[in-house]
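Close look at the chain arrangement
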Amino acid sequence: MRTVLVTSVKGGTGKTTVTAGLGRALARRGHRVAFLDCDFFAPNLDVELRAHGELKGTGYGQIIPLRTPEGFE
């Protein structure tokens, strides 16, 4: 297992877009991919990946598992 961290100290740099694209590319090559969006103020990886599912809890301080149309969890 390997971990790839996409980070920046500035907002609006395209971290979410890069993360989603990288994950899709790796998944197409047969790798298992998992995402963890650690944005404290505006987590939006679910929007980028068109994720759907039932949210459990408020999300504050919790990990909320979602499934995407591409099969990511």
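I will try to describe carefully the structure that is included in this document. (Residues numbered from 1 in each chain as written. Predicted model: local features only at pLDDT ≥ 70, side-chain atom pairs only at ≥ 80, totals over all residues. Heavy atoms only, no water.)

1. Considering the overall build of the protein chain
Within the protein chain one finds two helices and zero strands. In the protein chain, once contacts between residues fewer than 6 apart in sequence are set aside, the share between residues at least 24 apart is 31%. Carbon and sulfur atoms provide 57% of the accessible area of the protein chain, an area that totals close to 6300 Å². (Helix = DSSP H or I, 4+ residues; strand = E, 2+ residues; numbered from the N terminus. Contact = heavy atoms within 4.5 Å. Areas by Shrake-Rupley, 256 points an atom, 1.4 Å probe, with all protein chains shown as cover.)

2. Considerations on the environment of Asp 46
Here Asp 46 shows up in helix α2 (residues 45-48). Between the alpha carbons of Asp 46 and Phe 35 there is a distance of 9.7 Å; along the sequence they are eleven residues apart.

3. Focus on helix α1 (residues 15-28)
In a regular helix each residue adds 1.5 Å, so 14 residues correspond to 20 Å; α1 covers 20 Å between its end C-alpha atoms and thus fits that length. Listed as buried for α1 are Thr 16, Ala 20, Gly 23 and Arg 24. Across the axial projection of α1, the buried residues extend over an arc of 100°, all falling on one side. Along its buried surface, α1 packs onto α2. Once α1 ends, the next one or two residues include Gly 30, with phi positive near 95°. (Expected span 1.5 Å × (residues − 1). Buried < 20%, exposed > 50% of the residue type's maximum accessible area, 1.4 Å probe, protein only. Arc of directions from axis to C-beta.)

4. Brief notes about a nonpolar patch on the surface
On the surface, Val 4, Leu 22 and Leu 26 cluster together to form a nonpolar patch covering roughly 230 Å² of accessible area. Turning to its location among the elements, Leu 22 is positioned in helix α1. What makes Leu 22 partly exposed here is its relative accessible area of 35%. (Patch = residues over 30% accessible without salt bridge, like charges linked within 9 Å, V, L, I, M, F, W, Y side chains within 5 Å. Salt bridge = Lys/Arg side-chain N within 4 Å of Asp/Glu carboxyl O.)

5. Remarks on the environment of Val 33
Along the polypeptide, Val 33 turns up in the loop between α1 and α2. Looking at Val 33, the relative accessible area reads 21%, which means it is partly exposed. Sequence separation between Val 33 and Gly 23 is ten residues, and the spatial gap between their C-alpha atoms is 6.2 Å.

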